[in-house]
Amino acid sequence: MEMEKMPVGKLLLKLSPPVMLALLIQSIYNIVDSFFIGRYAAEGLTALSVIYPLQLLITSVATGTGAGIGILVSRLDGEGKEAGVFIRNGLLTGVLNYILFAAAGMLVLRPYFAVSSDNPLVREMGVSYGGIVILFSAGCFIESNCSKILQARGNTLLPMAAQVLGALLNIVLDPVLIFGLFGCPEMGVAGAAIATVAGQWAAMAVTLTAVLRGHKRSGKASLRAIGRIYRCGLPSIFMQSLYTLYIIGLNLILAGFTEDAVTVLGIYYKLQAFFFIPLMGLQQVILPVISFNHGAGLESRVRETVKWAVGISAAVAGAGTAVFLAAPEALLRIFSQSEGVLAAGVTALRIIGTSFVPAGIGMMLTVYFQGVGKGAQSMLLTLVRQVFLLVPVAWALHFFGLTFVWLTFPITEVAVLVLCAVLWKRQDVGRTAVRVHA
């Protein structure tokens, strides 16, 4: 079996590109929406920056739950056991997630915008866009679970193809619906939202069909199986959900300076997607590889997987740093021509770009702990980064001025990487002690 016998480097180079590309294409939904909305109305771009954390929360739970399914399917396959019950209940969790988030999201949407912006037009556009994206988020939840089932069994090409289809549909529909081309009514930000959910539902249709046709589903709906899925996916859900909360916190801090600063942060997250979304894809690839080989007792392959992942992430993140240092203004002008955004953004991108390499390495070490069943360490790293450091450090630095707030990123990522190294060393000492005892 590839997971067990193929050389690790060759395995990662085979599995990673389709997953990286699929996630990068998935991120294009928000990027393309922002590109066209930025040309439709400046307030619309700010509205999308404000709604971005809520979209991330949906994606966090969707991909985290999918990661839990993928871990269980990979682990049971590695142990030679039947995983069909988790495939059936994995599909059910997608429906449950949608129902819960659609209900809760519609309740909090208006209050969220009321505290996030003083501009009535930003609020109106944000509620219009967010309402559609939240109410029709089933495509995101179900597609994510189906994609992780396929990826856990080595099929990374079909999820990528599904994302390509969805992204292309979104790209085509965006200008048509936003500006009212070819006889369609001009719908503005609502049109961008419709284009987004149309793309998500198209991707869902492809992946769901593949799972229903090609993967055995056994057993019935089981609270125990659903509970195990959420427990395995909890570190991923937790990590990415806190990511959402800290962006909200940063938005509130930055809003105290100017809404241009909030817009800069939103643009930054769209730009860094080109480098960090592929690394998230690499995380999704190494997670089942680590889980499978850990379940099979092949610890040397686990360590080799981590070494390859760290090397790849350092290279990708290093390229991102170079681009952010060399051409920050050109990057910002993709989305905005505002002098206020450009003035704040050039400094911001150059400072934040220096955090990329430690952040990329930390991402790989964090997911390693999840893959070997050390979810507590994985969650600790996330808590330190996104609860104890990012927002508190940003709050402390904001007293010195806006430029100092951007230093939050490199300070935080270096501190987390040091903690990663300490936990890795402790884990290494523990493995050595076990071998000596044996």
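Refer to the preceding data block for the structure.
First, a word on scope: everything that follows refers to the structure included in this document. (Residues numbered from 1 in each chain as written. Predicted model: local features only at pLDDT ≥ 70, side-chain atom pairs only at ≥ 80, totals over all residues. Heavy atoms only, no water.)

What follows concerns the packing of helix H10 (residues 259-295) against helix H11 (residues 299-326). It is at 9 Å that the axes of H10 and H11 come closest, and there the two elements cross at 175°. It follows from the interaxial angle that H10 and H11 lie roughly antiparallel. Of the residues contributing to the contact of H10 with H11, the split by class is 16 nonpolar, 6 polar and 2 charged. (Axes fitted to C-alpha atoms, helices over the stretch in contact; angles between N-to-C directions. Helix = DSSP H or I, 4+ residues; strand = E, 2+ residues; numbered from the N terminus. Parallel < 35°, antiparallel > 145°, perpendicular 65-115°, else oblique. Nonpolar A, V, L, I, M, F, W, Y, C, P; charged D, E, K, R; others polar.)

Its place among the elements puts valine 393 in helix H15 (residues 375-397). The spatial distance from the C-alpha of valine 393 to the C-alpha of threonine 408 is 5.9 Å, given a sequence separation of 15 residues.

Moving on, we come to the nonpolar core. Grouped together as the largest cluster of nonpolar side chains are 131 residues, with contacts concentrated most on Leu265, Tyr268, Tyr269, Trp406 and Phe409. Here this core takes 19 residues from H10, the largest share from any one element. (Core = buried A, V, L, I, M, F, W, Y, C linked by side-chain atoms within 4.5 Å. Buried < 20%, exposed > 50% of the residue type's maximum accessible area, 1.4 Å probe, protein only.)

This part is about unusual backbone geometry. Phi at phenylalanine 182 is positive, roughly 55°, even though this residue is not glycine. Here phenylalanine 182 shows up in the loop between helix H7 (157-179) and helix H8 (189-214).

On to the pattern of salt bridges, then. Once their charged atoms are close, side chains differing in charge can pair, the charge on each being opposite to the other. Per the counting criterion, the structure on display carries 2 salt bridges. Across the pair glutamate 413 and arginine 385 runs a salt bridge whose closest N-O atoms are separated by 2.4 Å. Of the two residues, glutamate 413 sits in helix H17 (residues 408-437) while arginine 385 sits in helix H15, which places them 28 residues apart along the sequence. (Salt bridge = Lys/Arg side-chain N within 4 Å of Asp/Glu carboxyl O.)

For the coordinates displayed, the defined rule picks out 18 aromatic pairs. With centroids separated by 6.0 Å and ring planes inclined at 65°, the aromatic side chains of tyrosine 40 and phenylalanine 179 adopt a geometry described as edge-to-face. A residue pair is termed long-range when its members are at least 10 positions apart, and tyrosine 40 in helix H2 (residues 8-40) and phenylalanine 179 in helix H7 qualify at 139 residues. Classification of tyrosine 40 as partly exposed rests on a relative accessible area of 30%. Each member of the aromatic cluster is reached from another via a ring pair, and the members are Tyr52, Tyr246, Tyr268, Tyr269, Phe275, Phe276, Phe324, Phe356 and Phe409. (Phe/Tyr/Trp six-rings, centres within 6.5 Å; stacked < 30°, edge-to-face > 60°.)

A word on a nonpolar patch on the surface. On the surface, a nonpolar cluster with roughly 660 Å² of combined accessible area is contributed by Trp395, Phe399, Phe400, Phe404, Leu407 and Ile411. The exposure class assigned to isoleucine 411 is partly exposed, which follows from its relative accessible area of 43%. (Patch = residues over 30% accessible without salt bridge, like charges linked within 9 Å, V, L, I, M, F, W, Y side chains within 5 Å. Areas by Shrake-Rupley, 256 points an atom, 1.4 Å probe, with all protein chains shown as cover.)

Looking now at the packing of helix H4 (residues 84-116) against helix H5 (residues 120-135). It is the contact of H4 with H5, at a shortest axis distance of 9 Å, that shows an interaxial angle of 175°. In terms of their interaxial angle, H4 and H5 are classed as roughly antiparallel. Residue-level inspection shows Tyr98, Phe101, Ala102, Gly105, Met106, Leu109, Arg110, Phe113 and Ala114 of H4 in contact with H5, the latter providing Val122, Arg123, Gly126, Val127, Gly130, Gly131, Ile134 and Leu135. Of the residues belonging to the contact of H4 with H5, the class tally is 11 nonpolar, 4 polar and 2 charged. (Contact = heavy atoms within 4.5 Å.)

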